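Notes for the structure review
The primary structure of each chain is shown beneath.
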Amino acid sequence: MSRSLFISIHLYLSSFFAAVVVLVAFSGGMYLLGVKGSLETTEVGKTGGGVALMADPSKAAVLAALATTGIEDFSFDYVITRGDTLYTRPTSRTYYGLTVDGDSVTVSRNEPSFQKRMQELHFGHGPSMYREFQKVFAAGMLFIILSGVWLGLSSSRLRVRTLIAAGSGLIVFLGLVMS
C-alpha cells in the first residue's frame, strides 16, 4: 500500500469515528471524575415463578414475566443475570430488572439519565447493532493508531518526534500499569 493510501484511510476512519471517540472520552472521563449519572428505579409489580425464571432466564421467559405485570409492548435485545436479578438489555435506554426472591419476582422499571446512558454505551451495554458497530470501531481505532505511528516513523521529518512521543507514552503507560 502506498503512503498516500494509508493517509487517506487514516483520515477517513478517524473522521468517521470522531463522534464515538468523543463519547468514549467524555463518558469515561466524567465517570472517573465521579459524575456517573443517575438511575430512576420504580417498582412496577410483583409476580410468581421466580424459581422457573432463574432456571430459564431466556428472553421468552422474561417477556412472559413482564406480561404478568402488565408490560406487554416492551422490546429488548437480550437478558443478563447478575446475582438474583435479571436485566433486560440494552441498559442505555429504559430497561427492566426482575429481582427473584424464592418464587417471588419483583419487577422494576429503570430509567437512566443522559450521562448514565452514555456510560452504558461506553461499557458496551447498548443495542445489539451498536455493539457490533463498537467491534468495527475497535478495529478501526487499532488501524488509526498503528497507521499513525507507522506514518510518523516512515517520514524522515517526523521519525524522531514520533519515536519520542510513542516512547514517552509507552513509558508512562507501563509506569502507571506497573505501579
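Refer to the structure presented above.
Residues numbered from 1 in each chain as written. Predicted model: local features only at pLDDT ≥ 70, side-chain atom pairs only at ≥ 80, totals over all residues. Heavy atoms only, no water.

Comments concerning the pattern of salt bridges
Side chains that carry opposite charge are capable of pairing whenever their charged atoms lie near each other. Under the criterion given, the structure shown has three salt bridges. Residue R109 is joined to E111 by a salt bridge in which the shortest nitrogen-to-oxygen separation is 2.9 Å. For E111, a relative accessible area of 33% puts it in the partly exposed group. Among the ionic pairs, E132 bridges to K135, the shortest N-O distance being 3.1 Å. Within this pair, E132 and its partner K135 are both found in helix 6 (residues 128–153), separated by three residues, close to a single helical turn. Given a relative accessible area of 41%, E132 falls into the partly exposed group. By relative accessible area, K135 is classed as exposed at 54%. (Salt bridge = Lys/Arg side-chain N within 4 Å of Asp/Glu carboxyl O. Buried < 20%, exposed > 50% of the residue type's maximum accessible area, 1.4 Å probe, protein only. Helix = DSSP H or I, 4+ residues; strand = E, 2+ residues; numbered from the N terminus.)

Thoughts on the packing of aromatic side chains
Scanning the entire structure with this criterion turns up 11 aromatic pairs. When the ring of Y87 is compared with that of Y95, the centres are 6.2 Å apart and the planes differ by 65°; the resulting orientation is edge-to-face. According to the relative accessible area criterion, Y95 is buried, its value standing at 8%. Aromatic rings pair up to connect F16, F17, Y130, F133 and F137 into one cluster. The ring of Y31 is capped by K36, whose NZ or CZ atom sits 4.6 Å from the centre of that ring. The ring centre of F76 lies 5.3 Å from the NZ or CZ of K59, which sits over that ring. (Phe/Tyr/Trp six-rings, centres within 6.5 Å; stacked < 30°, edge-to-face > 60°. Lys NZ or Arg CZ within 6 Å of the ring centre and 35° of its normal.)

Regarding a nonpolar patch on the surface
On the surface, L142, I145, L146, V149, L153 and L163 cluster together into a nonpolar patch covering about 550 Å² of accessible area. With respect to the helices, strands and loops of the structure, L142 is situated in helix 6. (Patch = residues over 30% accessible without salt bridge, like charges linked within 9 Å, V, L, I, M, F, W, Y side chains within 5 Å. Areas by Shrake-Rupley, 256 points an atom, 1.4 Å probe, with all protein chains shown as cover.)

Side note on the nonpolar core
In this structure, L53, V62, L66, L86, Y96, L98 and V107 are the most contacted members of the largest nonpolar core, which totals 15 residues. With four residues, the single largest contributor to this core is helix 4 (residues 59–68). Core analysis: the next-biggest nonpolar cluster, separate from the first, contains eight residues, F17, L23, Y130 and F137 among them. (Core = buried A, V, L, I, M, F, W, Y, C linked by side-chain atoms within 4.5 Å.)

Observations concerning the packing of helix 2 (residues 18–32) against helix 5 (residues 114–122)
The geometry of a pair of packed helices is captured by two quantities: the angle between their axes and the separation between those axes. Contact geometry for helix 2 and helix 5: axes closest at 9 Å, N-to-C directions at 115°. In terms of orientation, helix 2 and helix 5 fall into the roughly perpendicular class. Seen from above, helix 2 lies across helix 5 with left-handed handedness. Together, L23, V24, F26, S27, G28, M30 and Y31 of helix 2 and Q115, M118, Q119, L121 and H122 of helix 5 make up the contact between the two elements. When grouped by side-chain class, the residues that make up the contact of helix 2 with helix 5 number seven nonpolar, five polar and no charged. (Axes fitted to C-alpha atoms, helices over the stretch in contact; angles between N-to-C directions. Parallel < 35°, antiparallel > 145°, perpendicular 65-115°, else oblique. Left-handed = near helix turned anticlockwise from the far one by under 90°. Contact = heavy atoms within 4.5 Å. Nonpolar A, V, L, I, M, F, W, Y, C, P; charged D, E, K, R; others polar.)

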